[in-house]
4 protein chains.
Amino acid sequence: MAGSTFGNLFRITTWGESHGPALGVVVDGCPAGLSLDEEDIQMYLDRRKPGRSRITTSRSEADRVEILSGVFEGRATGSPISLLIKNTSQISRDYSDIASCYRPGHADYTFDQKYGFRDYRGGGRSSGRETAGRVAAGAIACKILRQLGIEVRAYTRSIGPVAIDPQRFDFQAILETRTAMPDREADDRAVAYMEDAIKRLDSVGGVMECQVTGVPAGIGDPVFCKLDALLAQAVLSIGAVKAVEIGDGTSVSARYGSENNDAFRMRDGHVVKVTNHAGGILGGISDGGDILLRAHVKPTPSIYAPQQTVDSSGHDVDIQIKGRHDPVIVPRAVVVLECMTAITLLDAMMANLCCRMDSLERFYKK
Amino acid sequence: MAGSTFGNLFRITTWGESHGPALGVVVDGCPAGLSLDEEDIQMYLDRRKPGRSRITTSRSEADRVEILSGVFEGRATGSPISLLIKNTSQISRDYSDIASCYRPGHADYTFDQKYGFRDYRGGGRSSGRETAGRVAAGAIACKILRQLGIEVRAYTRSIGPVAIDPQRFDFQAILETRTAMPDREADDRAVAYMEDAIKRLDSVGGVMECQVTGVPAGIGDPVFCKLDALLAQAVLSIGAVKAVEIGDGTSVSARYGSENNDAFRMRDGHVVKVTNHAGGILGGISDGGDILLRAHVKPTPSIYAPQQTVDSSGHDVDIQIKGRHDPVIVPRAVVVLECMTAITLLDAMMANLCCRMDSLERFYKK
Amino acid sequence: MAGSTFGNLFRITTWGESHGPALGVVVDGCPAGLSLDEEDIQMYLDRRKPGRSRITTSRSEADRVEILSGVFEGRATGSPISLLIKNTSQISRDYSDIASCYRPGHADYTFDQKYGFRDYRGGGRSSGRETAGRVAAGAIACKILRQLGIEVRAYTRSIGPVAIDPQRFDFQAILETRTAMPDREADDRAVAYMEDAIKRLDSVGGVMECQVTGVPAGIGDPVFCKLDALLAQAVLSIGAVKAVEIGDGTSVSARYGSENNDAFRMRDGHVVKVTNHAGGILGGISDGGDILLRAHVKPTPSIYAPQQTVDSSGHDVDIQIKGRHDPVIVPRAVVVLECMTAITLLDAMMANLCCRMDSLERFYKK
Amino acid sequence: MAGSTFGNLFRITTWGESHGPALGVVVDGCPAGLSLDEEDIQMYLDRRKPGRSRITTSRSEADRVEILSGVFEGRATGSPISLLIKNTSQISRDYSDIASCYRPGHADYTFDQKYGFRDYRGGGRSSGRETAGRVAAGAIACKILRQLGIEVRAYTRSIGPVAIDPQRFDFQAILETRTAMPDREADDRAVAYMEDAIKRLDSVGGVMECQVTGVPAGIGDPVFCKLDALLAQAVLSIGAVKAVEIGDGTSVSARYGSENNDAFRMRDGHVVKVTNHAGGILGGISDGGDILLRAHVKPTPSIYAPQQTVDSSGHDVDIQIKGRHDPVIVPRAVVVLECMTAITLLDAMMANLCCRMDSLERFYKK
């Protein structure tokens, strides 16, 4: 399947390469009447923008979004919203180092195997810049969800061995720390860890976490479109993610059932779960608790240290990667995780509208 | 979206509940000419069949598959293949214990919230029996892949704290041990661990692993239909799975790039990766190495010990679950993981056929 | 794409061949809570059942439907509904006349070209019996629509040169005449016309019409999922249909705009159209008027007269078709048209639920 | 479903309104390696460009296409191709005549009913300008098909009562006549007919025809994805089309089977059909003959004569439409028909690649 479209009812189609004239996304199915302007989207794009500190690439992109369709007099019309972000900082450098040889950990080899050749400038379509379109679309999804009382928030949970301390959790810090950690102390230590890696021409990995509050119970479909299954696709579609966990994730496999089940209780006339090991999803359907998921991100594959590889003519070669790149992917990917989570959830909420006869009757019966 | 369909070109639609007259699947897009009979499918169903030992439910289902369409004179015709499995061992017991109250860790509450009511007999559609259809369809996908030189093999990697020892890895053991572990010693210890849990009216979790050999490079699409993203959806759509890892998975987040990148080298005229931390997928596209993934499975939520919950009238109650259920899900889910992996991979291989102009020309140019 | 699935939110997957053990359909996305039993479906199947008169095939099928899943205590649960219809009257006759040669007007040649071989018994998957699954699914869609105040009614408009007279239109007659015409006089003349054709070992064609009343304005999406575009796919997916018209259809091409536009006027506080040349759809979206469409059906390709053709070894041969078949397709296809129209409309109505921000807020805002 | 995406493997997503800053399309799934530049696309856009004669709108758009992604060094990379066409001639006129009242025959009323409001400038998304994106995408599909030996050609068959004469059929004339008729004499008479209508402030309709040569047998899927069913959706998704015919279309309903069946014969070692009443499709699958289809187009709903309508406050009003519009839609829609036909056929050809086991083996078996 043509792989640049995601979602069914709220459906996004991204396009663009690292070094082409522009990148963008078409958002189809945005509900009519949503108040929307470029600033709503720009604030999300600014969170993934490079160039804020030593720990991101030195490439500096304005990443200004333009709305080309689907909005009239400040409101979404229901027609597809086309969002355009011009590439302004592509440097026409010499790509001979990577044009004909395969960077380890990158998609160079696999693109060549699949398509017969590739746009090697800056990674082409496999560049992290591809996520700009996702973030622009996700900003819209986040705005819609917020109006429905749902808040999606992602942050850095750990970088290398440096993890946040839940006791120091500070949401405000996410937008202010260099690592997008909600813990200023951990941020300092993580930056020190990264700077050490940079000195050694190396890169580091990390873990992102996303929390969604205010989700009504009942979202997601049993079997193949379980909410957690769709979220897993969304999260693993972000480059460099190698594992996803829902709720307590990997730790459940070593537990007893009596430890892992979340008991239900009545509180003020509402059903609540006493614990939330499940991460807000039971049987693939939201249970009214907070949704919690984590994504494990590999170290940036581009490192300045020399590496062994082969070239497209079939010779062993050594490669030393030049150019600009982030020594860690996580801080700028956090907003991508947030956006993909929002898009997935919103699409599932839309699909949920027609699952009961009484909903149909409420809408259509005269 | 109607959530019981998976795949695009090789597309399966499952149906059926635990206590209805039958379960089944429609497989649409099976390539014409494939030699196929019921035995090809039955051998996979037998692997998920309950009743083989103390560590599975005492419910005993013959799980005989019938082919109702799409096969003529021993070969698939290209028309949809409808597979039927009759439920023969539904016990019409008293369900008053679960009809009106919500079992912790189960989908009872979320189904009621979504649909307004539910088929409470044996979990209805959210029962593990739903996977019979997936396995029947997956048997076909596995057979096709095998003819293309691709072998998909899943097994139990750990149960509770008891993990297999890679030094003792024995593929033959998968089909023979009670836990589906490829390590007979670990199997003994895992069974002892489970029996202890059973005595304490508790249940246990575990980890499944799946290995795919012979995959050509180039399968999967960049961006949203990355092969690993599709696999993640497939795997997390299996009930009770709470995390999925590709290749080295969660461990990559604490590594340096220099440790995690897989170097390329030429070997006998072929490109090989010296290591396979990536699990056979780079940039969402298969790289020619073995695909490796893991699924973390929570302990069976049904336990015999009493638990706190609420009923559908909004009262706190205690529940003690009766009936038949597995104290651990993993051993019978291993074949489901294998089948979902095969279906996903085959569908992606089909989509890959049209991604190059030279392939189209090879097919169609006169 | 695997071609046996239709619809997105109300999604049907049909399977089965003329001479296999059974045919059926899986209906996924049926809204939970719908009261449903086998009789609701049987009454639609009975309308397409053969054997009611000389003008239908002498094959006599009970066409009894069984509900295998998705209904609990008389109500749809929201899980897929699997419907099974056993083939009971397949005659194991000698197929040597058609096994190796291609019946003109049939899909024998094209199936062989596509798949390399075919199930030649009674046309296999390309048999009109395939529509039994559509009708079973459509019966559910019709029931849902009726509860929303929408009535879908198809009938025979003409057979050969014999057309109904709008002055004599009598809905009751549809279910009682041999031709499914809503005009008993025309029915008599049409039967005479067909009987004459039968005598000459020939077959005849005709036109079906479908009228939908009570459709709210606003259904259908601009651009590719226009309601009329989706209906056109649905209608032309019925075997033997060669043309579809919406509203005044082909006659609009010879008109002036001043003749063809439907003026709007206020009547009792509601917007109405003074005429309905458009057939209830403007810009791909329902306008609140009755939807009207027509399908032109070719004569049954199976005729008893000898015909020129070729065999699969590449020789010119003459063929004389034996076996049982209808001399006209229309009377039994009318209910198929009705069902496909209902399924398409319902699916579009479901998709429409999420197109406005105020609808989402009505549902989800606390 | 979000309705601006069409196709599965060759998938297009259009966006843009009549009076926004730009329109465009994202083409996902274009086979890698296709040689492609802007001129390939521009020559198709130029065919739908307004302003060539009195019989098209006086709005004059350059309609220059820009390729923003997916092409590298003159070849498609397999990544989505984003095509942008700037609107340069939107006149900011006074829209008070149509902002609050509903033009008969247009989508004003239905958009308001669906979305609650609309972009009224020039028809917004429902404007014929929406088709620019389709044509840009279709130009790519046509180029691919041509390389596979397949030629898609659409033309005007009739305007009002003036039809082409098959004896005078001249393909070259399509691109040269004002009406896109392949018959210069008919063109003269059609222009006279239209000019008379223009004088009377009226508009006219017509019929378009599309012919596809070189199609291999075997394309299309039985049941819901019949090639003719998909073509019907494609064709009726073009605004103002009210009927579609395949092959002999509506005329088949009045025929006998013996007249309508196409006999097969061997010619030079190939199977051919002696006639082609079926229009190249049997049982929903291409039969190797030319594909032939027709679309009936209503008269332009915008006419200068006064019309009765209502306004959004619920009052009867008279409307007199100002602004620029074509008195007939057909001549500029011909290239849209050609493009939609090409996109549909190409997508079906791609899906066909995986329908046989021997095709999969040819590709993947080592």
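Everything numeric here is computed off the predicted structure, so don't read it as measured data.

Participant: I tried to follow the relation of the copies chain B and chain A on my own but got confused; where do I start?
Facilitator: For the pair of chain copies, the relating transformation is a rotation about an axis with a translation along it. For the match of chain B to chain A, the screw axis carries a shift of 0.0 Å, the RMSD comes to 0.0 Å, and the turn is 180°. As the rotation angle and translation indicate, the two copies are arranged about a two-fold axis. Across chain B, the rotation axis passes nearest the C-alpha of Gln233(B), at a separation of 2.5 Å. With an isologous cut-off of 70% or more, the 100% of interface residues of chain B that recur at the interface of chain A puts this contact in the isologous class.

Participant: Please explain the interface of chain D and chain B as it appears in this structure.
Facilitator: The figure often quoted for interface size is the accessible area lost as the parts come together. Opposite the 28 residues of chain D that make contact, chain B presents 28 residues. Roughly 2900 Å² is buried in total at the junction of chain D and chain B, and carbon and sulfur atoms are behind 69% of that figure. For the interface between chain D and chain B, the tally reads nine residue pairs in polar contact (both at pLDDT 80 or more). Among the secondary structure elements, those contributing two or more residues to the side of chain D that touches chain B are α4 (131-147), α9 (330-352) and α10 (357-364) of chain D. Examining the composition of the side of chain D that touches chain B, we find that seven residues originate from one element, α10(D), more than from any other. Residues of the side of chain D that touches chain B, tallied by class, amount to 18 nonpolar, five polar and five charged.

Participant: How should the interface of chain B and chain A be read in this particular structure?
Facilitator: Taken together, the contacts link 106 residues of chain B with 106 residues of chain A. Where chain B abuts chain A, roughly 8400 Å² becomes buried across the two surfaces, and 60% of that area is made up of carbon and sulfur atoms. Along the contact surface separating chain B from chain A lie five salt bridges. In this structure, Asp221(A) engages Lys114(B) in a salt bridge whose closest nitrogen and oxygen atoms are separated by 4.0 Å. Seen at the junction of chain B and chain A, the total is 49 residue pairs in polar contact (both at pLDDT 80 or more). With seven residues, the top contributor of residues to the side of chain B that touches chain A is helix α3 (residues 108-115) of chain B. Split into classes, the residues belonging to the side of chain B that touches chain A amount to 48 nonpolar, 36 polar and 22 charged.

Participant: What is the right way to look at the packing of aromatic side chains in this model?
Facilitator: Each aromatic ring pair is specified by the distance between its two centres and by the angle formed by the two planes. On inspection of all chains with the given rule, the structure shows 46 aromatic pairs over all chains. With 6.4 Å between their ring centres and 65° between their planes, Phe264(A) and Tyr102(B) make a pair best called edge-to-face. Of this pair, Phe264(A) sits in strand β12 (residues 264-267) while Tyr102(B) sits in the loop between α2 (96-99) and α3, placing the two residues on different chains. Relative accessible area serves as the criterion here: at 5%, Tyr102(B) is assigned to the buried category. One aromatic cluster is present, built from ring pairs that chain together Phe363(A), Tyr364(A), Phe363(C) and Tyr364(C).

Participant: What exactly am I supposed to notice about the sheet that holds strand β9 (residues 162-163) of chain C here?
Facilitator: The strands that make up a sheet are held in pairs by hydrogen bonds between backbone atoms, and each pair lies either parallel or antiparallel. As summarised here, the arrangement of the ten strands in space is β9(C)-β8(C)-β10(C)-β16(C)-β11(C)-β11(D)-β16(D)-β10(D)-β8(D)-β9(D), forming an open sheet in which the pairing is antiparallel. Two strands bound the open sheet, and with one partner strand each, they are β9 of chain C together with β9 (162-163) of chain D. Each of β11 (241-246) of chain C together with β11 (241-246) and β16 (291-297) of chain D touches helix α7 (residues 227-236) of chain D; the most contacted strand, β11(D), lies at about 155° to it.

Participant: Looking at this structure, I do not really get the side chain of Asp40(D). What am I missing?
Facilitator: All names here are of chain D. Looking at the secondary structure, you find Asp40 in helix α1 (residues 38-48). The exposure class of Asp40 is buried, given its relative accessible area of 17%. Only 2.9 Å separates the side chain of Asp40 from the backbone nitrogen of Asp37, close enough to count as a polar contact. In this structure the side chain of Asp40 is engaged in a polar contact, spanning 2.9 Å, whose partner is the side chain of Lys143.

Rules and cut-offs
Residues numbered from 1 in each chain as written. Chains lettered and ligands numbered in written order. Predicted model: local features only at pLDDT ≥ 70, side-chain atom pairs only at ≥ 80, totals over all residues. Heavy atoms only, no water. Least-squares fit on C-alpha atoms with pLDDT ≥ 70 in both. Contact = heavy atoms within 4.5 Å. Buried area = accessible area lost by both parts, 1.4 Å probe. Polar contact = N/O pair within 3.5 Å; in protein donor to acceptor, adjacent residues only side chain to side chain. Helix = DSSP H or I, 4+ residues; strand = E, 2+ residues; numbered from the N terminus. Nonpolar A, V, L, I, M, F, W, Y, C, P; charged D, E, K, R; others polar. Salt bridge = Lys/Arg side-chain N within 4 Å of Asp/Glu carboxyl O. Phe/Tyr/Trp six-rings, centres within 6.5 Å; stacked < 30°, edge-to-face > 60°. Buried < 20%, exposed > 50% of the residue type's maximum accessible area, 1.4 Å probe, protein only. Pairing = 2+ DSSP bridges. Axes fitted to C-alpha atoms, helices over the stretch in contact; angles between N-to-C directions.

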